Structures are given as C-alpha cells and as structure tokens.
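# Coordinate analysis (summary)
The lines below spell out each chain.
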Amino acid sequence: MDKNDLEKAYMNFISDRDVSKMELILDKPNIFNALQIVQQEIRHSNFLAWLLNPNESHGLNEIFLKRFLREILISSKVTTSLTDIEDLNFDLVEVKREFHNIDILIEIENLVVIIENKIRSKEHSDQLNRYFEDANKYYGKEPVIAFVYLTIDGDEPSNDSYITISYEVGERIISDIVSIYNERLNPSILMYLNDYLHILKNDFMDNGEINELSKKNYKNHKVLLDKLFEFKQDSVSYLRPFFERKVTDSSWVLG
C-alpha cells in the first residue's frame, strides 16, 4: 500500500458514518465505567441485590424479582412451581448481601433463594457444597430452598443441586423492563438500567452495539486497520526510548 492508497483508505475510514457512530457511543458517559466497577464481582452483586429488592428506591416494586423467580422456579430442582409466585406476599421480602458468605440471599415466606455470583472468578474452597450444607442446616426442612449459580456464560456448577443461570437472563429481563416501563420509570433509574445493559451487552456477552459496529468497521476497513496494527506499539516499545535516554545521560552502558 503506497502513500496515496493509505491516505485514500484513511479518508474513507474517517468519513464512514459507522465509525463516527462508534466514537459517539464510546464517548458516552457510563456510570459503571466512571466508577471503574465493571469487572468487580461484589459491585454486580450489590446492583443485582438492589434490583431484586422490591423495597428499594428503583420504583420497580417486585417486577424484577418476579421475572427472576420465574427463571429459576421453572427448574425441576425446586418443588415450588411458577404459579406459586403469584401467591407470595412480596411485602415480606428480605434481600441480604454476604449473609454467611452468601453473595445474595432472598427470603420470602416459605421460599429461600441462595445466589452464588461469579464474574471472572471460578469456584473455590468447595464453596458451593459448603453453602448447600450450611443453608440446609440453618433453615431445616421448612422452607423451599433454591440454589442458583449465576455466571456470565451459564457455567456448570460442581454441585448438581444448583440451578444454572447466565447473565444473559438478567440482560433479557432488564431489556424487557426498559422497553415496557420506560415511561413510568424515574429518568435516573432508567439511566442506570441502560448503562448496566450497555455493560452486559458489550463487556460480557459480545452482543452489544459497540461489538457489532467493531466487526462491521473492521470488515469495511480491514486493509487500513491491518496496516495500522503492524505498527502498534506495546508498553515496552513506548518506555524503551525513555530508559535508553536515561542510560545515555547517566553515562552508563546499555546491556
């Protein structure tokens, strides 16, 4: 590729509407990026616990909790049926964080939901079996206990009593809520939900607008981008001239 071809390819790239659109999306502020908590498991658990609690300030009441319960109670691993959800008294819901080291615990009448949440980490220290045994010992035979293993991709748990749920389920529930209830939601809450959806789609599930635009832009400008990537410098390349200059200025010998 000579200089004229390179400049022509570059002009086509910067004139592409999809490239400009992608720049706008990347520049759009996002509360989760601003707080640098996208990859922090504990923060995701906090946010999900907030959504699951009907008594919180999001104004969703039990909408998110009901949708989530439907996803897990359809499993054959629990004896409570989907129809039982409508008979629950949601005024009695308690949502707890890190209760006996459990990420999220939901108590509602005769139903207990125990959620182990994993973002980038894996199971360790036989924790699923420990939580299973501790919960059965603590609650006894009275309540129905649903054990949930929540991961990005729906990983299989080491304990077969756990119901496998992926973050795609949460993304689908929130997307439906935003679509259906957007006019009645507080603008700040709607912003939080949309920001969280953006994180889920683009950082976790690879189905967001940024990912789609990235693939499209690379396909349309592959020759130019491949050429640019040939000259991409890593951190060592950036730092090396600085250290070489310091070595020379100090009258040392570069080894």
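Rules used throughout
Residues numbered from 1 in each chain as written. Predicted model: local features only at pLDDT ≥ 70, side-chain atom pairs only at ≥ 80, totals over all residues. Heavy atoms only, no water. Axes fitted to C-alpha atoms, helices over the stretch in contact; angles between N-to-C directions. Helix = DSSP H or I, 4+ residues; strand = E, 2+ residues; numbered from the N terminus. Parallel < 35°, antiparallel > 145°, perpendicular 65-115°, else oblique. Left-handed = near helix turned anticlockwise from the far one by under 90°. Contact = heavy atoms within 4.5 Å. Nonpolar A, V, L, I, M, F, W, Y, C, P; charged D, E, K, R; others polar. Pairing = 2+ DSSP bridges. Salt bridge = Lys/Arg side-chain N within 4 Å of Asp/Glu carboxyl O. Buried < 20%, exposed > 50% of the residue type's maximum accessible area, 1.4 Å probe, protein only. Phe/Tyr/Trp six-rings, centres within 6.5 Å; stacked < 30°, edge-to-face > 60°. Polar contact = N/O pair within 3.5 Å; in protein donor to acceptor, adjacent residues only side chain to side chain. Core = buried A, V, L, I, M, F, W, Y, C linked by side-chain atoms within 4.5 Å. Right-handed = clockwise from strand over helix to strand, strands pointing away.

## Concerning the packing of helix H5 (residues 63-73) against helix H7 (residues 167-181)
As a packed pair, H5 and H7 sit with axes 10 Å apart at the nearest point and diverge in direction by 140°. Considering their axes alone, H5 and H7 lie oblique with respect to each other. Of the two elements, H5 crosses H7, and the hand of that crossing is right-handed. For the pair H5 and H7, the contacting residues are Ile63, Phe64, Arg67, Phe68 and Glu71 in the first and Val169, Arg172, Ile173, Ile174, Asp176, Ile177 and Tyr181 in the second. Here the residues of the contact of H5 with H7 are counted per class, giving eight nonpolar, no polar and four charged.

## Side note on the sheet that holds strand S3 (residues 111-117)
As summarised here, the arrangement of the five strands in space is S1-S2-S3-S4-S5, forming an open sheet in which the pairing is mixed. Whereas interior strands pair on both sides, the edge strands pair on one side only; in this sheet they are strand S1 (94-99) and strand S5 (162-166). Direction aside, the axes of adjacent strands within the sheet are offset by 25° on average. Judged from the five bridges that link them, strand S4 (residues 144-151) and S5 form a sheet pairing that is parallel. What sits directly across from Tyr149, in S5, is Thr164. Contacts from H5 reach strand S2 (102-108), S3, S4 and S5, with the element oriented near 85° to S3.

## A short note on the pattern of salt bridges
For the structure on display, the rule yields 13 salt bridges. Note that Glu71 and Arg172 form a salt bridge whose closest N and O atoms lie 2.7 Å from each other. Of this pair, Glu71 sits in helix H5 while Arg172 sits in helix H7, and the two are 101 residues apart along the sequence. Owing to a relative accessible area of 34%, Arg172 belongs among the partly exposed residues under this scheme. Salt-bridge contacts for Lys118 lead to Glu116; the nearest nitrogen and oxygen are separated by 3.3 Å.

## A word on the packing of aromatic side chains
Counting across every chain of the model gives seven aromatic pairs. Plain terms: the ring middles of Phe47 and Tyr196 are 4.5 Å apart, the flat faces sit at 45° to each other, and that makes the pair tilted. In this pair, Phe47 is assigned in helix H4 (residues 41-52) and Tyr196 in helix H8 (residues 187-204), connecting sequence segments 149 residues apart. Using a relative accessible area of 10% as the deciding quantity, one classes Phe47 as buried. Residue Tyr196 is classed as buried on the basis of its relative accessible area, which comes to 1%.

## What about H5?
With nine of its eleven residues buried, H5 lies for the most part within the structure. Looking at the buried residues of H5, the elements they touch are H4, S2, S3, S4, S5 and H7.

## A look at the side chain of Asn159
By the element assignment, Asn159 lies in the loop between S4 and S5. Of the polar contacts made by the side chain of Asn159, one reaches the side chain of Asn129; its length is 2.8 Å. With near-sequence residues (within four places) excluded, Asn159 lies in contact with Leu128, Asn129 and Phe132.

## Some details on the pairing of S1
Pairing of S1 with S2, which is carried by five bridges, proceeds in the antiparallel orientation. Each bridged residue has a counterpart across the sheet, and for Arg97 the counterpart in S2 is Ile104. What sits between S1 and S2 in their antiparallel hairpin is a turn of two residues, with His100 showing a positive phi close to 55°.

## Observations concerning the nonpolar core
The biggest cluster of nonpolar side chains holds 53 residues, and the ones touching the most others in it are Leu69 and Ile72. Breaking this core down by element, the ones donating at least two residues are H4, H5, S2, S3, S4, S5, H7 and H8. It is H8 that contributes the most residues to this core, eight residues altogether. Those residues within four positions of Leu69 in sequence are excluded, and the remaining contacts are Ile85, Leu88, Phe90, Leu111 and Val113.

## Side note on the pairing of S4
With eight of its eight residues buried, S4 lies for the most part within the structure. Alternating residues of S4 divide into Val144, Ala146, Val148 and Leu150 and Ile145, Phe147, Tyr149 and Thr151, and every residue in both groups is buried. Where S3 and S4 come together, seven bridges link them in parallel fashion. The residue of S4 that forms the bridge with Leu111 is Val144. Remark: the S3/helix H6 (residues 127-139)/S4 crossover connection has right-handed handedness.

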